[in-house]
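Per-entry structural report
Listed here are the chains, written in short residue letters.
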Amino acid sequence: MSSLKVSLLDYGAGNVRSVRNAILACGYEIEDITDPSQIASAKVIIFPGVGSYGSAMAVLREKGYDAPLREYLSGRDKPFLGI
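Notes on the structure in this doc start here. What you see is a predicted model; the values in this text were computed from it and never measured. (Residues numbered from 1 in each chain as written. Predicted model: local features only at pLDDT ≥ 70, side-chain atom pairs only at ≥ 80, totals over all residues. Heavy atoms only, no water.)

A few points about the overall build of the chain
Broken down by element type, the chain carries three helices and four strands. The C-alpha radius of gyration of the chain comes to 12 Å, within 12% of the 12 Å expected for a compact globule of 83 residues. Dimensions along the principal axes, computed over C-alpha positions, put the chain at roughly 40 × 25 × 20 Å. By the burial criterion, 30% of the 83 residues in the chain qualify as buried. Counting 9 positive and 9 negative side-chain charges, the chain places the averaged centre of each group 4 Å from the other. (Helix = DSSP H or I, 4+ residues; strand = E, 2+ residues; numbered from the N terminus. Rg over C-alpha atoms; globule rule 2.2 N^0.38 Å. Buried < 20%, exposed > 50% of the residue type's maximum accessible area, 1.4 Å probe, protein only. Lys, Arg positive; Asp, Glu negative; His and termini not counted. Charge placed at Lys NZ, Arg CZ, Asp CG, Glu CD.)

Structure (structure tokens):
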């Protein structure tokens, strides 16, 4: 039986290391999303949080993640966990 692959959004903010450790402890494989183009092919995305929403959105826009994330979420049939 193959493990579910979870895509972890690493956009340079949030506590990615702790989230990564939790995912691995649950027995899932991780694929790091380090480029916006990877979002469209993700099966499940986990989006680590940050204390300042405004700062996080600025980084997402600056790095080009905002539009692909909106597209991913627009279908409402793809799993997503925002922390």
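A closer look at the pairing of strand 1 (residues 5-9)
When a strand is regular, its side chains alternate between the sheet's two faces. Across the five residues of strand 1, four count as buried, placing the element largely inside the fold. When strand 1 meets strand 2 (residues 29-33), the two strands line up parallel, connected through five bridges. Across the sheet, the residue bridging to Lys5 is Glu29, located in strand 2. One ladder, built from two bridges, connects strand 1 with strand 3 (residues 45-47); its direction is parallel. In the sheet register, Leu8 faces strand 3, and the bridge partner there is Ile46. (Pairing = 2+ DSSP bridges.)

Notes on the sheet that holds strand 3
Ordered in space as 2-1-3-4, the four strands form an open sheet in which the pairing is parallel. Sheet topology places strand 2 and strand 4 (80-82) at the edges, where each strand pairs with a single neighbour. Here the average twist between neighbouring strands, direction ignored, is 25°. (Axes fitted to C-alpha atoms, helices over the stretch in contact; angles between N-to-C directions.)

Description of the side chain of Ser7
Here Ser7 shows up in strand 1. In contact with Ser7, not counting residues within four places along its chain, are Glu31, Ile33, Ala42, Val44, Ile45 and Ile46. (Contact = heavy atoms within 4.5 Å.)

Some thoughts on the nonpolar core
Core analysis: the biggest nonpolar cluster contains 14 residues, and Leu9, Tyr11, Ile45, Leu60, Tyr65 and Leu69 have the highest contact counts within it. If you list the elements that add at least two residues to this core, you get strand 3, helix 2 (53-62) and helix 3 (66-74). Take this core: its biggest share by element is three residues, from helix 2. Excluding anything up to four places from it in sequence, Ile45 contacts Ser7, Leu9, Ile33, Ile39, Leu69, Tyr72, Pro79, Phe80 and Leu81. Formed by seven residues, the second largest nonpolar core is a distinct cluster that contains Val6, Val19, Ile23 and Val44. (Core = buried A, V, L, I, M, F, W, Y, C linked by side-chain atoms within 4.5 Å.)

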